Amino acid sequence: MRFTYMTLNAILIFVAGKFMGAKPPIWVMQLIVLFPGIMLLGRKLCMDNLPVNPASEKNAYDLRKALAISIRNSELMGFAFYICMVNMSIAAALPLAILYMKTTLDFNASQIMTITSIGLLGYISGYALVGKLMKKLGTRNFQLLMHGIFILFLGSLFLIQPQWNYLFARFAVLFYVHGIAAAFLMCLTSTEMLALARPT
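Residues numbered from 1 in each chain as written. Predicted model: local features only at pLDDT ≥ 70, side-chain atom pairs only at ≥ 80, totals over all residues. Heavy atoms only, no water.

Enquirer: Looking at this structure, I do not really get the packing of helix H6 (residues 93–103) against helix H8 (residues 167–196). What am I missing?
Expert: Geometry of a packed helix pair, given as the angle between the helix axes and the separation of the axes. Two numbers describe how H6 lies on H8: the axes approach to 12 Å, and their chain directions differ by 170°. In terms of axis orientation, H6 runs roughly antiparallel to H8. From H6, Leu-94, Ala-97, Ile-98, Tyr-100 and Met-101 reach across to H8, where they touch Phe-171, Phe-175 and His-178. Taken together, the residues that form the contact of H6 with H8 break down as 7 nonpolar, 1 polar and no charged. (Axes fitted to C-alpha atoms, helices over the stretch in contact; angles between N-to-C directions. Helix = DSSP H or I, 4+ residues; strand = E, 2+ residues; numbered from the N terminus. Parallel < 35°, antiparallel > 145°, perpendicular 65-115°, else oblique. Contact = heavy atoms within 4.5 Å. Nonpolar A, V, L, I, M, F, W, Y, C, P; charged D, E, K, R; others polar.)

Below is the structure:
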């Protein structure tokens, strides 16, 4: 489902970027905000109609008990802290890169949207690769690979200069690489959280 969702997002952002042009008027921006909003409402309606297991509705969820179990699980807490630190270290990179492209490099709206859609293609590629790589490398080596990709991405952003040639292509590649690493991080978070969770 996540693979399909990201594919749809990449297509929509790419098409929106082409529709916007270099300097879109305000009504175009409003339409681009409105259309995904309508799609999200449709997604919610579809999800609300999915069948629910009756047994799960009967069991009341005790948040306080679940939180206490999680806190006592030192391995789970340690991994959660690690994931928070990784996310905090990379969270600002893309927004700052987009600001840099807009204010310093004078990229237009269509170019930025195209680069963003290429970044989402990186997510899709990452989701396609993650299963095979985790089985082949193991969790520890997979984490090292993920960190290496993030370091490469952040280091390249730090070193890039306005006078360089092919800046559009460079940023497109960097956003694509970031998408791969971010997909790796999401899947690693899901698998490890489930592996470390204990019912008591």
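Enquirer: Please explain helix H7 (residues 109–159) as it appears in this structure.
Expert: Every α-helical turn comprises 3.6 residues, leaving residues that sit three or four positions apart pointing alike. The end-to-end C-alpha separation of H7 is 24 Å, well short of the 75 Å expected for 51 residues at 1.5 Å each. Looking at where H7 begins, the residue whose side-chain oxygen comes 3.1 Å from the main-chain nitrogen of Ser-110 is Asn-108. (Expected span 1.5 Å × (residues − 1). Polar contact = N/O pair within 3.5 Å; in protein donor to acceptor, adjacent residues only side chain to side chain.)

Enquirer: Would you mind going over the pattern of salt bridges with me for this structure?
Expert: Two side chains of opposite charge can pair, provided their charged atoms sit close to one another. Per the stated rule, a full pass over the model turns up 1 salt bridge. When the shortest N-O distance is used, the salt bridge between Asp-48 and Lys-44 registers 2.8 Å. Taken together, the positions of Asp-48 and Lys-44, both in helix H2 (residues 26–48) and 4 residues apart, correspond to about one turn of that helix. (Salt bridge = Lys/Arg side-chain N within 4 Å of Asp/Glu carboxyl O.)

Enquirer: Just to check I follow, could you spell out the nonpolar core for this structure?
Expert: Most often, soluble globular proteins keep nonpolar side chains buried together rather than apart. Core analysis: the largest hydrophobic core is formed by 27 residues, its most contacted members being Tyr-123, Phe-150, Phe-184 and Leu-185. Ignoring sequence-local partners within four residues, the contact set of Leu-185 consists of Ile-83, Val-86, Asn-87, Ile-90, Met-146 and Phe-150. Residues Ala-97, Leu-105, Phe-107 and Leu-174 belong to the second largest nonpolar core, which totals 15 residues. (Core = buried A, V, L, I, M, F, W, Y, C linked by side-chain atoms within 4.5 Å. Buried < 20%, exposed > 50% of the residue type's maximum accessible area, 1.4 Å probe, protein only.)

Enquirer: So what exactly am I meant to see when it comes to the packing of aromatic side chains here?
Expert: By convention here, two paired aromatic rings are described through the distance between centres and the angle between planes. The final tally for this structure, using the stated rule, is 6 aromatic pairs. Centroid distance Phe-107 to Phe-171: 6.2 Å. Interplanar angle 80°. Geometry classified as edge-to-face. In this pair, Phe-107 sits in the loop between H6 and H7 while Phe-171 sits in helix H8, placing the two residues 64 residues apart along the sequence. Accessibility assignment for this pair places Phe-107 and Phe-171 in one class, buried. Seen in terms of ring centroids, Tyr-123 and Tyr-127 are 6.5 Å apart; in terms of plane orientation they differ by 50°. Their pairing is tilted. Residue Tyr-123 and its partner Tyr-127 are both found in helix H7; the two are separated by 4 residues, about one turn of the helix. Per residue, the accessibility class of Tyr-123 equals that of Tyr-127, and both read buried. Here the aromatic residues Tyr-100, Phe-107, Phe-168 and Phe-171 are joined through ring pairs into a cluster of three or more. (Phe/Tyr/Trp six-rings, centres within 6.5 Å; stacked < 30°, edge-to-face > 60°.)

That's the geometry; what it means functionally is another story.
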